[in-house]
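Given next are the chains, with one letter for each unit.
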Amino acid sequence: TREASEKLNQGFRTLVQSKDEHFGNGRTVRNVFESALQRMATRIVSSSELTPSILTVLHAEDLEFETGALDVG
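This section reports on the structure supplied with the text. (Residues numbered from 1 in each chain as written. Predicted model: local features only at pLDDT ≥ 70, side-chain atom pairs only at ≥ 80, totals over all residues. Heavy atoms only, no water.)

For the pair helix 1 (residues 2-17) and helix 2 (residues 25-44), the least separation of the axes is 12 Å and the interaxial angle reads 145°. When the axes of helix 1 and helix 2 are compared, the crossing they make is right-handed. Two secondary-structure elements touch here, helix 1 through Leu8, Phe12 and Leu15 and helix 2 through Thr28, Val29 and Val32. Among the residues forming the contact of helix 1 with helix 2, the class breakdown is 5 nonpolar, 1 polar and no charged. (Axes fitted to C-alpha atoms, helices over the stretch in contact; angles between N-to-C directions. Helix = DSSP H or I, 4+ residues; strand = E, 2+ residues; numbered from the N terminus. Left-handed = near helix turned anticlockwise from the far one by under 90°. Contact = heavy atoms within 4.5 Å. Nonpolar A, V, L, I, M, F, W, Y, C, P; charged D, E, K, R; others polar.)

Here's what the structure looks like:
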């Protein structure tokens, strides 16, 4: 969704601005993506109808970053 895209942009910018010598781009992106898939699965588990859209579209609430959930203003 547009909101998810905005949250991703904001979250990655925040992470890059506050990075230290242990920051890893690829690892961070993979962790955010895997966490989003788990949160999406939890969100849709009780859906009565599973459409391709429901199974493939990430929502802002599915995204969480290592620094905690980031809100899009």
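Our next topic: the nonpolar core. Ranked by size, the top nonpolar core spans 6 residues in total: Ala4, Leu15, Val32, Ala36, Leu63 and Phe65. At the level of secondary structure, the elements contributing two or more residues to this core comprise helix 1 and helix 2. When near neighbours in sequence (up to four residues on either side) are disregarded, Leu63 contacts Ala4, Lys7, Leu8, Val32, Ala36 and Arg39. (Core = buried A, V, L, I, M, F, W, Y, C linked by side-chain atoms within 4.5 Å. Buried < 20%, exposed > 50% of the residue type's maximum accessible area, 1.4 Å probe, protein only.)

The terminal C-alpha atoms of helix 1 lie 23 Å apart, and with 16 residues this matches the ideal 22 Å at 1.5 Å per residue to within 8%. Here the buried face of helix 1 lies against helix 2. (Expected span 1.5 Å × (residues − 1).)

It is worth spelling out the environment of His59 at this point. Following the sequence through the fold, His59 ends up in the segment after helix 3 (52-56). Look at His59 and you get partly exposed, because its relative accessible area is 26%. Along the sequence, His59 and Arg43 sit 16 residues apart, while their C-alpha atoms lie 9.7 Å from each other. Setting aside anything within four residues of it in sequence, one finds His59 in contact with Thr1, Ala4 and Arg43.

On to the pattern of salt bridges, then. Counted according to the given criterion, the structure contains 6 salt bridges. Put simply, Arg43 and Asp62 hold a salt bridge, and the shortest N to O gap is 2.8 Å. One end of the pair, Arg43, is in helix 2; the other, Asp62, is in the segment after helix 3, with 19 residues separating them in the sequence. Overlapping salt bridges, with partners in common, bring together Arg2, Glu3 and Glu6 in one network. (Salt bridge = Lys/Arg side-chain N within 4 Å of Asp/Glu carboxyl O.)

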